[in-house]
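Examining the three-dimensional arrangement
The chain contents come next:
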Amino acid sequence: MLKLLSTEPVRLLAFLVGIMAFVGLNAAYLVWVERKGAGRFQRRPGPTEVGYAGLLQPIADAIKLLSKQLIVPQGVDAALFRVAPLLMMAPALMSLAVIPFGPSLAARNINVGLLLIFALGSINVMAIMLGGWSSRNKYAIMSAARVVSQNVAYEIPTLLVVITMIMITGTMNLNEIVRQQAGAFWHWNVFRVWVNPLMPVTFLIFFICMLAETNRAPFDMAEAESELVAGAYTEYSSMGFGVFFMAEYANILLGCSLATVLFLGGWQSPFGILPGVLWFLIKMYFLVFAVVWVRWTFPRTQFYGLLNLSWKLLIPVSLFTLILSSAIMKLY
Amino acid sequence: MRNAVKEVVSGFYSLIVGMRVTIGQFFKPIVTVQYPHETLKIAPRFRGHIELVLDPATGKPKCFACKLCERACPSDCITVEGAKLEGAKKRSVTAYHLDFTKCSLCGSCVEACRDGAIRFSRDYNLAGWSKEDFIMDLFKRLELEAQAASPEKVDGRAVPGLIAAQDAAHQDKTKTDLK
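On a predicted model such as this, the values are computed, not experimentally measured, just so you know. (Residues numbered from 1 in each chain as written. Chains lettered and ligands numbered in written order. Predicted model: local features only at pLDDT ≥ 70, side-chain atom pairs only at ≥ 80, totals over all residues.)

Details of the overall build of chain A
In terms of helices and strands, chain A carries 13 helices and 0 strands. The order of α-helices and β-strands along chain A, N terminus first, is α-α-α-α-α-α-α-α-α-α-α-α-α. Against the globule reference of 20 Å for 332 residues, chain A gives a C-alpha radius of gyration of 20 Å, in line with a compact fold. Each of the three principal axes of chain A carries a C-alpha extent, and together these read 65 × 60 × 45 Å. The burial tally for chain A puts 42% of its 332 residues in the buried class. Within chain A, counting contacts between residues at least 6 apart in sequence, those at least 24 apart form 76% of the total. (Helix = DSSP H or I, 4+ residues; strand = E, 2+ residues; numbered from the N terminus. Rg over C-alpha atoms; globule rule 2.2 N^0.38 Å. Buried ≥ 20, exposed ≤ 12 C-beta atoms within 10 Å, placed from the backbone. Contact = placed C-beta atoms within 7 Å.)

Some thoughts on the packing of helix α4 (residues 78-95) of chain A against helix α11 (residues 238-263) of chain A
Helix-helix packing is described using two parameters, namely the angle between the two axes and the distance between the axes. All names here are of chain A. The N-to-C vectors of α4 and α11 enclose an angle of 25°; their axes lie 8 Å apart at closest approach. It follows that α4 is roughly parallel to α11 by the angle criterion. Remark: the crossing between α4 and α11 carries left-handed chirality. Across from P85, L86, M88, M89, A92, L93 and S95 in α4, the residues of α11 making contact are G240, V243, F244, M246, A247, A250, N251 and L254. (Axes fitted to C-alpha atoms, helices over the stretch in contact; angles between N-to-C directions. Parallel < 35°, antiparallel > 145°, perpendicular 65-115°, else oblique. Left-handed = near helix turned anticlockwise from the far one by under 90°.)

Things to note about the pairing of strand β3 (residues 92-99) of chain B
All names here are of chain B. Bridge count between strand β2 (residues 78-83) and β3: 6 bridges; the pairing is antiparallel. Each residue of the ladder has a partner; that of T79, found in β3, is H97. The pairing of β3 with strand β5 (residues 135-137) spans 3 bridges and is antiparallel. When the bridges of β5 are listed, L98 appears paired with M136. (Pairing = 2+ DSSP bridges.)

What about the confidence of the model for chain B?
Residue and element names in this part refer to chain B. Per-residue confidence for chain B gives a mean pLDDT of 79; residues scoring 70 or more make up 83%. Ranking the helices and strands of chain B by mean pLDDT puts helix α3 (residues 108-112) first, with 89, and helix α5 (residues 162-175) last, with 55. Note on residues 151-160: pLDDT is under 50 here. Beyond four places in sequence and across chains, it has 9 contacts. In this model, residues 174-179 is a region of pLDDT below 50 whose contacts with residues beyond four sequence positions or in other chains number 9 contacts. Complex prediction metrics read pTM 0.78 and ipTM 0.74. (pLDDT = per-residue confidence, 0-100.)

Here's what the structure looks like:
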């Protein structure tokens, strides 16, 4: 029996179910966290009525969405319209397969894990673009155009930062990257200023780009409700919208996981003892909280401000860190 | 170049300040009132819709259907019916309808009343399912209020303690404090 459980297909099946459950649960309960957080930041309690402290609220929301009709409006490209939400959800799920949650807890510990994540991550943009395009709605198309230009702008600094990280660590295997950060917290990549004095800035650039790539406030141009109704999601109802909504949180989860792995030492403990899954989750959820915190602190940027930030600040700075760290590596 | 760097640094500093302000608010207690579960104290001079006042001497409404309030009302929302019962010196009210859908709470009726037979209630939980819910029978409302206070004693007679009960009900609503 034990032998059967440890075979490869069973292990993969367990990880498949585990990741889907993890993403589903998180997507549902990050909405709750978001609403509770929004409430607390505005000095109100957030959801309180459904279950203790509103804990059953996501279930109530899901039932409400499921019981609604999935309307496919006349004149839309029905196939693309239906496939777009799934296309947004699937890459996030697939990317989590290479994230090392613990020392030996990764569905697939492959050597090009980082590459895989960014390859899949770029599908995300296309999903929103397809959703917006196929909706046959002015607002949705405007939103789709915005999303593309935003994501093109922010993909560059993200990748420059990631190239810096690959140069420093010398590997694209995420578990290996975490292993290199063993020891107390000053061994984490974000604090390794002797490798590159601008390491904290690099982390910050990555975090900002992560916010922009997941279309989170203050960069939520995709569904700028004040000017574009609901942006690319305008024509979506029922679970079509629900899946988009869940995918947004799945992408945040993935982005925070990646930031944890690359910069915050993944599953390494900050005191150099007892590394494990718990530390990974603590760091990741702290970043998720920071995402919520940022959302309820800053208003949405204007679109030119968003592009200016990327082209005039983030790209030059990330290029500079890239050159700086390569120079330091060459000299020492 | 120096200006650009300065701008970025000071801009970033302002973002940090913003984040510090919001996290400060995050840990402070909430300020909203969870309405159905808790209510604020009502101001002592809160003016709700009108209600009839009981006469402490007889235990019946003070109103004797002079219809001054009906005439004073600018929106025509009060309808009073009165009749002279045998043995009674004055007329007494038999029906008092308030169409609250039209009432603007101006208080002219209360001012017009010479006997102090109507006053502002402290009822503010005024949600209803239909328009008809707001055509109020104030005479019946008074009877129900009295019955709720002492159910077995009321059959039209003067009941000691009834007035007190009505006053208590009147006062009670002013005292619902923050829990």
